[in-house]
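Remarks on the overall topology
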Amino acid sequence: MANIAAARRYAQAAFELARDRGEVSAWRSEVNDVATVLSESQLAPMLADPKIPLEQKFAALERVLVVSPLVMNLAKLLVQKGRSLDARAVADAFNRLADDYEGIAHAEVTTAVELPPERVAAIERQLSERFGKKVIAATKVDPSIIGGAIIRVGDRLIDGSIRTRLKLLRRELEGAR
């Protein structure tokens, strides 16, 4: 299990460095590459093994990672500190910081049926206007909501589903008896 507090500290330090250098979007991609190699690749167990010498781990990193020198330093630091398996948590925290900095919000849009791309784009535009940020929507299909949509943006929930409307109507009718 990733140490979330430590991952946030590494991400914050990396983000500040990337921001100060004006390289947030480039770092975003490279930090994700680091996370893939350190915590999800076939090399991950070797990089996390404390019995293997650091020099051997660093050599493997330099063979497989094509990233800027500062991002390579982050990768080596995570390996050196025994936090290579936390790299995905670091990347996720970095991406949240980068999204906030770049004014990007993510929405999860749940509908009863799959939406065509132009409808998803229209929802993104409407949400972007409402929240004052560029909104990127990920869609999910859940037939149990019957119709309408449930939209989650950060900690905000917009429930326009038929299922919820029916539940509310049922409560009103039961209360009127």
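Rules and cut-offs
Residues numbered from 1 in each chain as written. Predicted model: local features only at pLDDT ≥ 70, side-chain atom pairs only at ≥ 80, totals over all residues. Heavy atoms only, no water. Helix = DSSP H or I, 4+ residues; strand = E, 2+ residues; numbered from the N terminus. Rg over C-alpha atoms; globule rule 2.2 N^0.38 Å. Contact = heavy atoms within 4.5 Å. Areas by Shrake-Rupley, 256 points an atom, 1.4 Å probe, with all protein chains shown as cover. Lys, Arg positive; Asp, Glu negative; His and termini not counted. Charge placed at Lys NZ, Arg CZ, Asp CG, Glu CD. Axes fitted to C-alpha atoms, helices over the stretch in contact; angles between N-to-C directions. Parallel < 35°, antiparallel > 145°, perpendicular 65-115°, else oblique. Left-handed = near helix turned anticlockwise from the far one by under 90°. Expected span 1.5 Å × (residues − 1). Buried < 20%, exposed > 50% of the residue type's maximum accessible area, 1.4 Å probe, protein only. Pairing = 2+ DSSP bridges. Right-handed = clockwise from strand over helix to strand, strands pointing away. Phe/Tyr/Trp six-rings, centres within 6.5 Å; stacked < 30°, edge-to-face > 60°. Salt bridge = Lys/Arg side-chain N within 4 Å of Asp/Glu carboxyl O.

1. Structural notes on the overall build of the protein
- Looking only at helices and strands, the protein has eight helices and four strands in total.
- When the helices and strands of the protein are read in sequence order from the N terminus, they spell out α-α-α-α-α-α-β-α-β-β-β-α.
- Its C-alpha atoms give the protein a radius of gyration of 22 Å, more than 25% over the compact-globule value 16 Å for 177 residues.
- Excluding contacts between residues fewer than 6 apart, the proportion of contacts in the protein whose partners are at least 24 apart in sequence is 66%.
- When the accessible surface of the protein is summed, it comes to about 10800 Å², and 53% of that surface belongs to carbon and sulfur atoms.
- Side chains of the protein give 27 positive and 24 negative charges; the mean places of these two sets differ by 5 Å.

2. Section: the packing of helix 2 (residues 24-40) against helix 6 (residues 87-102)
- Look at helix 2 against helix 6: their axes get within 8 Å of each other, and the N-to-C directions meet at 165°. Put simply, helix 2 runs roughly antiparallel to helix 6. Handedness of the helix 2/helix 6 crossing: left-handed. Between helix 2 and helix 6, the contacting residues are Val 24, Ser 25, Trp 27, Arg 28, Val 31, Asn 32, Val 34, Ala 35, Thr 36, Leu 38, Ser 39 and Glu 40 on the first element and Ala 87, Arg 88, Ala 91, Phe 94, Asn 95, Ala 98, Asp 99, Tyr 101 and Glu 102 on the second.

3. A closer look at unusual backbone geometry
- A positive phi angle, near 70°, is found at Ile 146, a position not held by glycine.
- One can find Ile 146 in the loop between strand 2 (134-141) and strand 3 (149-153).

4. Side note on helix 5 (residues 69-80)
- With twelve residues, helix 5 extends 16 Å from end C-alpha to end C-alpha; this agrees with the ideal 16 Å at 1.5 Å per step.
- All of the buried residues in helix 5 are Val 71, Met 72, Leu 74, Ala 75, Lys 76, Leu 78 and Val 79.
- Gly 82 occupies a position one or two residues after helix 5 and carries a positive phi of about 75°.

5. Looking at the sheet that holds strand 4 (residues 156-159)
- The four strands lie next to each other as 2-1-3-4, forming an open sheet whose pairing is mixed. Bordering the open sheet on either side are strand 2 and strand 4, each of which pairs with just one other strand. Shown here is a sheet whose adjacent strand axes are inclined to one another by a mean of 20°, direction ignored.
- Relative to strand 3, strand 1 (residues 104-111) is paired through five bridges, and the arrangement is antiparallel.

6. What to know about the pairing of strand 2
- Bridging between strand 1 and strand 2 involves eight bridges; their strand directions are parallel. Bridged to Thr 110 within strand 2 is Lys 140.
- Following the backbone out of strand 1, through helix 7 (residues 117-131) and into the adjacent parallel strand 2, one traces a crossover that is right-handed.

7. What to know about the packing of aromatic side chains
- Counted by the stated rule, this structure contains three aromatic pairs.
- Judged by centre distance (5.6 Å) and plane angle (75°), the ring pair of Phe 15 and Tyr 101 falls under edge-to-face. With Phe 15 in helix 1 (residues 4-21) and Tyr 101 in helix 6, the pair connects residues that are 86 residues apart, well separated along the chain.
- Given the relative accessible area of 5%, Phe 15 is considered buried.

8. Quick look at the pattern of salt bridges
- Here the structure, examined in full by the defined rule, presents nine salt bridges.
- A salt bridge links Arg 88 to Glu 40; the nearest nitrogen and oxygen atoms lie 2.7 Å apart. A residue pair is termed long-range when its members are at least 10 positions apart, and Arg 88 in helix 6 and Glu 40 in helix 2 qualify at 48 residues.
- Classification of Glu 40 by relative accessible area gives partly exposed; the value is 47%.

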